[in-house]
Number of protein chains: 2
Amino acid sequence: MKFIIQRDRLVQSVQDVMKAVTSRTTIPILTGIKITTTDEGVTLTGSDSDISIESFIPKEEAGDEIVEIKQTGSIVLQAKFFSEIVKKLPTDSVEIEVLNHLQTVIRSGKSEFNLIGLDAEEYPHLPQIEENNKFHIATDLLKAMIRQTHFAVSTSETRPILTGVNWRIENGELTCIATDSHRLALRKAKVEMETSDSYNVVIPGKSLNELSKIIDDSNEQIDIVITENQILFKAKHLLFFSRLLEGNYPDTSRLIPNESKTDVTVNTKEFLHAIDRASLLAREGRNNVVKLSTIEGGIIEISSNTPEIGKVVEEIQSESIEGEDLKISFSAKYMMDALKALEGTDIRVSFTGAMRPFLIRPLHDETILQLILPVRTY
Amino acid sequence: MKFIIQRDRLVQSVQDVMKAVTSRTTIPILTGIKITTTDEGVTLTGSDSDISIESFIPKEEAGDEIVEIKQTGSIVLQAKFFSEIVKKLPTDSVEIEVLNHLQTVIRSGKSEFNLIGLDAEEYPHLPQIEENNKFHIATDLLKAMIRQTHFAVSTSETRPILTGVNWRIENGELTCIATDSHRLALRKAKVEMETSDSYNVVIPGKSLNELSKIIDDSNEQIDIVITENQILFKAKHLLFFSRLLEGNYPDTSRLIPNESKTDVTVNTKEFLHAIDRASLLAREGRNNVVKLSTIEGGIIEISSNTPEIGKVVEEIQSESIEGEDLKISFSAKYMMDALKALEGTDIRVSFTGAMRPFLIRPLHDETILQLILPVRTY
């Protein structure tokens, strides 16, 4: 194998596939990046066996030569060293050549690295996925949907299925749901499908998080293919594979209340900042809990009391309070996570009493909701 | 105690004194910030008993009212909470009032914090320093001198005196020296003194590091007072006290060679980047060592070889190589630290054989030098 490549393009691709590489693997060859050259260009692959990422660098783009292929072939190079090396090379162009016995030379200007590679034949094959049933979605919308749900997955392995985000596709609509059983995040959007298939899968939260780091914030379409145990995201020159979690995701629809007893409409930022301050002294204590009380004149009081340290009282003028008076306690962290995930200047919080889960939604937007279970303190 | 203060000024002062506060202290009251109001303004104090910082906020500045003192007094508030609170308060103005029993109320807009304070009478007194013999230096020059020497102090407590920077003042010249016995950094500069006193003290590296974080990069003068066991830095509205290290600093002058056998002049950045790359594969191995060899045509070769991983060869065209041919090995980290501390586009490295310490200096600048001991590999 021998080729000459534009350094910046190589650096970008290496950074992308590095997102799948971990040093904590039981399969030594997965600490490497696989490099394959064909007559069309260079393909880099990284994998931790849960996530696999493939980045393709074409020979030419818009008439501009990016890679000059001298000899096709493949090699696996230690990801940790290879990624550091390409970042620091002195010139805009890099030559990579595999000599005898997996010895690989990386040349750039007056700099010459000689790395001992691994045999690419031993690198695991990526899942073969038939692309009959794919659907697509704009990349920036996908990123938003991930951001608005994935934070609510469980970090505990007691119920592994809850460490993933549930994706349901029915009638051309994608619903993403995450819950750690104390709170729930839900986001819906239309997707473009060629068939009327429906899906119900669970994608590891970590996979979605890594995916959202490497896809652009553009409105270009990304293709998605779901199989029995894999999901594949196809962007331009980029393939992102993730395994799916096995098991049935709980039916969360019963959790979401249909009616409410108290509805509060409030400015999102004011509410967020007041909760942030009210929780400052409670962070050390149990659960980071704050209290919310409706008081006269449309005022909401947020407070916390940590006996050894002190107490905080915040007042916010709401847009409106409808229904019964209320005192309720909840995790400030969950509330802040939920508020940060919502868009829009005003939100509506719908309570059904101090012991029941409550909903946080933007005004006039039915595609997203956040649900939080209160904490008993009264 | 009761006063109203501009929030931004309070935040800045709290951040400054926080540099001295640590949660790892055996004296509980030192986890707090002392706040004292007089008719002149507000003074904040933080201390870990090694370093103490006092920041003063005057009532008025340039005709602008910064503090409105309603009642003088003092209190100590938990630094961790107080610093977080002031950063997040909602309005530009903050009212702080001590009620009965050390209860302290912090009000800003519709936000009200009630903190349980500590008795300011129990806060340790800062060292009393007579300011007869002070000298001064421009703040930006002081920062540069700290940056150029303090990285070379020892991080090991085997010889505690080497964890400090040796400051010698003689004939109106300050010399700062740091060494961990494998390398040495030295920087000299003129200071303005009222007397012809001379000093030889050792300042903890950590103190200088914290000091350089809170002083501005301006050319305003900073006053320095040295006593038997303390040093005091006085900037505008800021006092920074540090204890001095006890014991005699070794005489380092014998270490610095007066003559050389090989002198290499090279572009600083090119040299730095080549060493950085050459050490990429050696970082895991023992000591992060690279080899330097002079070769024909004024070329310097930097190389490293880590058998299991691979090898690197870098060539640099020097400005000049004078004297004997040379092969020498040294720590890439020490060399990079030294090169980053130097100013100027070109440097001269002066060797006296492969086993002797060598010097790195900017061209045409006698006020700074870096010395490194080689590593035996040949």
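Residues numbered from 1 in each chain as written. Chains lettered and ligands numbered in written order. Predicted model: local features only at pLDDT ≥ 70, side-chain atom pairs only at ≥ 80, totals over all residues. Heavy atoms only, no water.

**Quick look at the UniProt feature "domain: DNA polymerase III beta sliding clamp N-terminal" (unreviewed entry) in chain A**
When the UniProt feature table is mapped onto this chain, "domain: DNA polymerase III beta sliding clamp N-terminal" (unreviewed entry) is found at residues 1–127 of chain A. Annotated as residues 1–127 of chain A, this span is 17% helix and 46% strand, and its ends, taken at the C-alpha atoms, are 25 Å apart. (UniProt positions renumbered as here; feature names shortened; annotations may be inferred. Helix = DSSP H or I, 4+ residues; strand = E, 2+ residues; numbered from the N terminus.)

**What to know about the sheet that holds strand 17 (residues 199–204) of chain A**
Residues and elements named next belong to chain A. On the basis of which strands lie adjacent, the open sheet formed by nine strands has the order 17-13-14-15-29-28-27-21-25 and antiparallel pairing. The sheet terminates laterally at strand 17 and strand 25 (320–323), the two strands that pair on one side only. Taking each pair of neighbouring strands and ignoring which way they run, the sheet shows an average axis angle of 15°. Relative to strand 14 (residues 173–179), strand 13 (residues 164–170) is paired through five bridges, and the arrangement is antiparallel. (Pairing = 2+ DSSP bridges. Axes fitted to C-alpha atoms, helices over the stretch in contact; angles between N-to-C directions.)

**Digging into the relation of the copies chain A and chain B**
Placing chain A over chain B gives an RMSD of 0.0 Å and needs a rotation angle of 180°, together with 0.0 Å of translation along the axis. Classification of the inter-copy transformation places it as that of a two-fold axis. Interface overlap between copies: 100% of the residues of chain A at the interface are likewise at the interface in chain B, consistent with a symmetric, same-surface contact. (Least-squares fit on C-alpha atoms with pLDDT ≥ 70 in both. Contact = heavy atoms within 4.5 Å.)

**Some points on the domain arrangement of chain A**
Residue and element names in this part refer to chain A. Parsing chain A into structural domains produces domain 1 (2–122), domain 2 (134–253) and domain 3 (256–372). Relative placement of domain 2 and domain 3: their C-alpha centres are 28 Å apart. Every contact between the two is made by 13 residues of domain 2 and, on the other side, 14 residues of domain 3. On the domain 2 side of the interface with domain 3, the three residues burying the most area are Arg183, Leu184 and Leu186, jointly 40% of the side's total. Scanning the region where domain 2 abuts domain 3 turns up one salt bridge. With its nearest N and O atoms 2.9 Å apart, the salt bridge here joins Arg183 to Asp337. Summed over the shared surface of domain 2 and domain 3, the number is eight residue pairs in polar contact (both at pLDDT 80 or more). Secondary-structure elements contributing two or more residues to the side of domain 2 that touches domain 3 are helix 3 (139–149) and strand 15 (183–190). Looking at the side of domain 2 that touches domain 3, the element that brings in the most residues is strand 15, giving six residues. A per-class count over the side of domain 2 that touches domain 3 returns four nonpolar, four polar and five charged. (Domains from an automatic or database assignment. Buried area = accessible area lost by both parts, 1.4 Å probe. Salt bridge = Lys/Arg side-chain N within 4 Å of Asp/Glu carboxyl O. Polar contact = N/O pair within 3.5 Å; in protein donor to acceptor, adjacent residues only side chain to side chain. Nonpolar A, V, L, I, M, F, W, Y, C, P; charged D, E, K, R; others polar.)

**Thoughts on the side chain of Thr45(A)**
All names here are of chain A. Assignment of secondary structure puts Thr45 in strand 3 (residues 41–47). By relative accessible area, which is 3% here, Thr45 ends up buried. When sequence neighbours within four positions are dropped, the list of residues in contact with Thr45 reads Val17, Gly32, Ile33, Lys34, Ile53, Glu54, Tyr123 and Leu126. (Buried < 20%, exposed > 50% of the residue type's maximum accessible area, 1.4 Å probe, protein only.)

**Let's talk about the interface of chain A and chain B**
Facing 29 residues of chain A, the contacting portion of chain B comprises 29 residues. Interface area for chain A against chain B, summed over the two sides, is near 2,600 Å², with a carbon-plus-sulfur share of 58%. The salt bridge involving Lys88(A) is made with Asp276(B); its shortest N-O contact spans 3.1 Å. The tally of links from chain A across to chain B stands at 15 residue pairs in polar contact (both at pLDDT 80 or more). Of all the secondary-structure elements, those providing two or more residues to the side of chain A that touches chain B are helix 2 (79–88), strand 11 (111–116), helix 5 (268–278) and strand 24 (310–317) of chain A. Alignment of strand 24 of chain A against strand 11 (residues 111–116) of chain B, held across five bridges, turns out to be antiparallel.

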